[in-house]
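# Coordinate inspection notes
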Amino acid sequence: MLATMGALGLAPTAEAASREPVFRAPRTGDFTLTGRGAASVVIVGGGIAGLTAAYELGKAGYDCTVLEARDRTGGRNFTVRGGDSSVDVYGNRQTARFGDGQYLNAGPARIPQWMVTLDYCRELGVPIEVFTNTNANAYLFNEKAGMTAPVRYRTAKADVYGYVSELLAKATGKGALDTELTAEDRERLLEFLRSFGDIGAELSYGGSERRGYRVDPAAAGTPGVELGSVPTASEVFASGVGRYFSFEFGYDQAMLMFQPVGGMDRIPAALTRAVGERRIQTGAVVRDITDKARGVTVTYRSDGRTRTLDADYCVAALPPNILATTAHNLGAGVQSALEACTPSSAGKIGLEYRNRWWETDHRIYGGITETDLDLAHVWYPSHGHHGRRGVIVGYYNTGAQADAYARLTPSGREARAVAQGVKIHGEKYRSELVSSFSHHWRQTPYLEASWHSLAGGPDAPVFDPLNKPTGHVYFAGDYLSYADAWQHGAFTSARRAVMALHTRVLA
Ligand code: PHE
């Protein structure tokens with residue numbers, strides 16, 4: 001019957017269903033048709049996992065309460081707009097001065113097509129638009145490799161693909177591959193290399209119009225002037241530009257990618273509305289989770305007072321490093337599993353410019369410039385093209401680079417980011433800047449991590465206690481998934497906890 005319904009468009013087809021093992025959202029009918037009553041659930045943490053648990057359980061009428069320590073929901077899904085402020089663990093206070101319509105997605109900022117994040121956008125009515133993850137016109141710049149000027153992705157690709165193709169063609173010609181390939185295979189390989197590397201009938205690379213033009217082709221009389229001074233193969237390999245090409249092959253980073261129109265926090269905002277504001281308490285700092293013979297008691301601080309909340313069940317959706325410092329009676333196995341989750345660092349700075357010089361002067365409309373500088377990546381906005389202002393992500397770095405920037409004052413971070421960016425983009429990177437806002441997740445209170453690494457993955461034995469309930473307490477979060485550092489991981493982990501809890505309640 002399901003297959004027939006799938007064919008009629010009334011249910012997901014088997015093919016669509018195979019993308020995620022059997023999530024069936026709880027429904028009101030699950031209780032009304034069985035005569036059972038819905039349970040009460042306290043959800044600790046109002047990030048994507050916590051909100052999703054409340055949202056999905058709410059579909060069947062569970063009485064959910066979400067406790068969130070920060071003053072807003074969304075967790076690491078944080079979009080910074082003019083007027084938003086933050087304080088980091090060092091006490092640095094910032095208030096964003098971005099203009100109308102300008103924003104920085106300080107946390108998640110790109111969504112691959114296969115992730116369930118897009119299903120939630122559809123279900124919640126959050127409009128999406130293309131996020132440009134790779135752009136042939138963006139730059140590559142490896143200062144440590146001796147590059148003195150940035151090179152466009154398209155130019156670097158033409159040169160690397162060209163020389164690699166030439167070398168492989170030469171090896172083939174010299175018989176180096178005769179034991180691996182038949183004569184016919186060799187012909188087909190050469191045919192591929194001729195087009196892949198643009199190496200012509202002579203099978204040698206001497207530049208290509210793919211590198212780009214110094215003067216663009218236009219009307220009759222203007223055939224264009226190709227970029228000259230083709231580097232040698234040795235120079236191309238020494239520059240290290242080829243190291244960036246595999247990024248876009250990744251299952252989770254390949255174009256097309258998407259973003260919500262207006263900022264990533266449209267997702268938690270929609271979830272928050274769907275759950276109901278009255279079910280969510282912000283500024284509620286959980287101090288203790290005690291599992292009891294019949295339910296759970298959660299103790300928290302709010303408005304300077306200590307309060308308790310009793311519920312039938314609890315979904316613990318805090319980052320594991322924070323949960324590890326929260327009192328509980330869930331046992332040594334849970335505690336050592338939480339402590340085995342290693343928090344990572346990542347930071348971003350949003351640089352707001354008074355004009356979109358990257359579009360007008362560099363013809364860059366979205367995408368990412370890759371570097372070996374300590375800023376790592378520079379992102380150009382994928383929206384608002386041809387508008388007046390725009391916010392560039394001036395660094396998106398991780399690990400020691402992120403921590404080094406975090407230790408500076410916000411204005412020190414800006415100065416360092418700009419000094420690096422000028423090397424790639426020239427003086428406008430400094431002169432057109434109007435404001436900035438930097439954010440570092442390892443240094444953000446109540447989160448203190450950008451994401452986590454779990455040795456051996458979430459199914460390694462040490463994490464067993466987190467993948468099943470302890471008494472009435474369930475765990476959820478992107479860290480308990482194979483898509484950590486993605487909202488998809490938080491959504492699917494929350495669904496898994498919801499299914500387990502709901503199945504038990506119905507049993
Ligand atoms: N999801 C984050 C991002 O796309 C972090 C991440 C980076 C995760 C690269 C996996 C791979 O930036």
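Everything in this summary refers to the structure shown in the same document. (Residues numbered from 1 in each chain as written. Predicted model: local features only at pLDDT ≥ 70, side-chain atom pairs only at ≥ 80, totals over all residues. Heavy atoms only, no water.)

## Some thoughts on the sheet that holds strand β7 (residues 111-112)
Read across the sheet, three strands follow the order β7-β13-β8 without closing on themselves; strand pairing throughout is antiparallel. Two strands lie at the open edges of the sheet, namely β7 and β8 (128-131), each paired on one side alone. Looking at chain direction, β8 and strand β13 (residues 257-260) are connected through four bridges and run antiparallel. Bridged to V130 within β13 is F258. (Pairing = 2+ DSSP bridges. Helix = DSSP H or I, 4+ residues; strand = E, 2+ residues; numbered from the N terminus.)

## Let's talk about the site of the ligand
Inspection of the region around the ligand gives R110, D252, Q253, Y396, W451, A485 and W486 as its neighbouring residues. Residue Y396 places a side-chain N or O atom 2.7 Å away from an oxygen atom belonging to the ligand. Between the ligand and A485 there is a distance of 2.6 Å, counted from a nitrogen atom to a backbone nitrogen or oxygen. If the ligand stood free it would expose 310 Å²; the protein chains cover 71% of that surface. (Near = heavy atom within 4 Å. Polar contact = N/O pair within 3.5 Å; in protein donor to acceptor, adjacent residues only side chain to side chain. Areas by Shrake-Rupley, 256 points an atom, 1.4 Å probe, with all protein chains shown as cover.)

## Quick notes on the side chain of H452
Position of H452 among the secondary structure elements: in strand β26 (residues 452-454). Judged by relative accessible area, H452 falls into the buried class, the value being 2%. Within polar-contact distance, the side chain of H452 engages the side chain of N321 at 2.8 Å. Excluding residues within four positions of it along the chain, H452 makes contact with P319, P320, N321, C341, T342, P343, S344, Y479 and D484. (Buried < 20%, exposed > 50% of the residue type's maximum accessible area, 1.4 Å probe, protein only. Contact = heavy atoms within 4.5 Å.)

## Some points on the environment of H362
As for its position among the elements, H362 is in the loop between α12 (357-360) and β22 (367-371). Between the C-alpha atom of H362 and that of A138, which follows or precedes it by 224 residues, the distance is 8.6 Å. Apart from the residues within four sequence positions on either side, H362 is in contact with N137, Y139, R152, W357 and H425.

## Things to note about the sheet that holds strand β2 (residues 63-67)
Strand order in this open sheet of five strands is β14-β2-β1-β18-β27, and the pairing throughout is parallel. Unpaired on one side and paired on the other, β14 (280-281) and β27 (473-475) mark the two borders of the sheet. Relative to β14, β2 runs parallel, the two being bridged by two bridges. Pairing of V66 across the sheet is with I280, part of β14. On top of the sheet, helix α4 (residues 48-58) reaches β1 (40-44), β2, β14 and β18 (313-316); it is set at about 165° to β1, its chief contact. (Axes fitted to C-alpha atoms, helices over the stretch in contact; angles between N-to-C directions.)

## With respect to the packing of aromatic side chains
Enumeration over the complete set of coordinates arrives at 19 aromatic pairs. Pairing W114 with Y251 gives two aromatic rings, centres 4.4 Å apart and planes at 20°, and the pair type is stacked. Placement of the pair is W114 in the loop between β7 and α5 (117-124) and Y251 in the loop between α8 (233-239) and β13, with a sequence separation of 137 residues. Overall, W114 belongs to the partly exposed group, its relative accessible area being 29%. Classification of Y251 as exposed rests on a relative accessible area of 63%. With a centroid separation of 5.3 Å and an interplanar angle of 90°, the aromatic rings of Y353 and W357 are classed as edge-to-face. (Phe/Tyr/Trp six-rings, centres within 6.5 Å; stacked < 30°, edge-to-face > 60°.)

## Things to note about the pairing of strand β15 (residues 285-292)
With seven bridges joining them, β15 and strand β16 (residues 295-302) adopt antiparallel strand pairing. Bridge pairing in β16 places K292 opposite G295. Counting the residues that bridge the hairpin from β15 to β16 gives two residues. Sheet topology places β15 next to strand β19 (residues 327-328); two bridges connect them, and they run parallel. When the sheet's bridge partners are listed, D288 is paired in β19 with A327.

## Section: helix α6 (residues 153-173)
With 21 residues, α6 ought to run about 30 Å at 1.5 Å a step, and its terminal C-alpha atoms sit 30 Å apart, in line with that. Two residues or fewer after α6 comes G175, characterised by a positive phi angle close to 85°. (Expected span 1.5 Å × (residues − 1).)

## Structural notes on unusual backbone geometry
A cis amide bond, omega -5°, links M255 with the succeeding residue L256. Examined against the element boundaries, L256 turns out to sit in the loop between α8 and β13. Although it is not a glycine, H386 sits at a positive phi angle of roughly 70°. As for its placement among the helices and strands, H386 is situated in the loop between β23 (377-380) and β24 (390-398).

## Re the pattern of salt bridges
In total, this model carries 23 salt bridges according to the counting rule given. For the salt bridge of E248 with K157, the shortest nitrogen-to-oxygen distance reads 2.9 Å. With a gap of 91 residues between them, E248 in the loop between α8 and β13 and K157 in helix α6 connect regions that are remote in the sequence. Of the two residues, E248 and K157, both sit in the buried class. E184 serves as the salt-bridge partner of R188, at 3.7 Å between the closest nitrogen and oxygen. (Salt bridge = Lys/Arg side-chain N within 4 Å of Asp/Glu carboxyl O.)

## What about a nonpolar patch on the surface?
Judged by side-chain polarity, V130, M255 and L256 come together as a nonpolar surface patch covering roughly 210 Å² of accessible area. You can see V130 is positioned in strand β8. Overall, V130 belongs to the partly exposed group, its relative accessible area being 34%. (Patch = residues over 30% accessible without salt bridge, like charges linked within 9 Å, V, L, I, M, F, W, Y side chains within 5 Å.)

## Some points on the packing of α4 against helix α17 (residues 487-506)
Each packed pair of helices is defined by two parameters, the angle between the axes and the distance between the axes. Here α4 crosses α17 at 40°, and the two axes come no closer than 8 Å. It follows from the interaxial angle that α4 and α17 lie oblique. Crossing handedness for the pair α4 and α17: right-handed. Contacts between α4 and α17 pair I48, A49, T52, A53, E56 and L57 from the former with Q487, A490, F491, A494, V498 and L501 from the latter. Residues of the contact of α4 with α17, tallied by class, amount to nine nonpolar, two polar and one charged. (Parallel < 35°, antiparallel > 145°, perpendicular 65-115°, else oblique. Left-handed = near helix turned anticlockwise from the far one by under 90°. Nonpolar A, V, L, I, M, F, W, Y, C, P; charged D, E, K, R; others polar.)

## Some details on the nonpolar core
One finds V41, I43, Y62, I267, L271, V315 and L501 to be the most contacted residues of the largest nonpolar core, which totals 42 residues. Elements with a contribution of two residues or more to this core: β1, α4, β2, α5, α9 (266-275), β18 and α17. Beyond its immediate sequence surroundings of up to four residues, Y62 is in contact with F31, A38, A39, V41, L57, R279, L501, H502 and V505. Core analysis: the next-biggest nonpolar cluster, separate from the first, contains 40 residues, I199, I349, V378 and Y429 among them. (Core = buried A, V, L, I, M, F, W, Y, C linked by side-chain atoms within 4.5 Å.)

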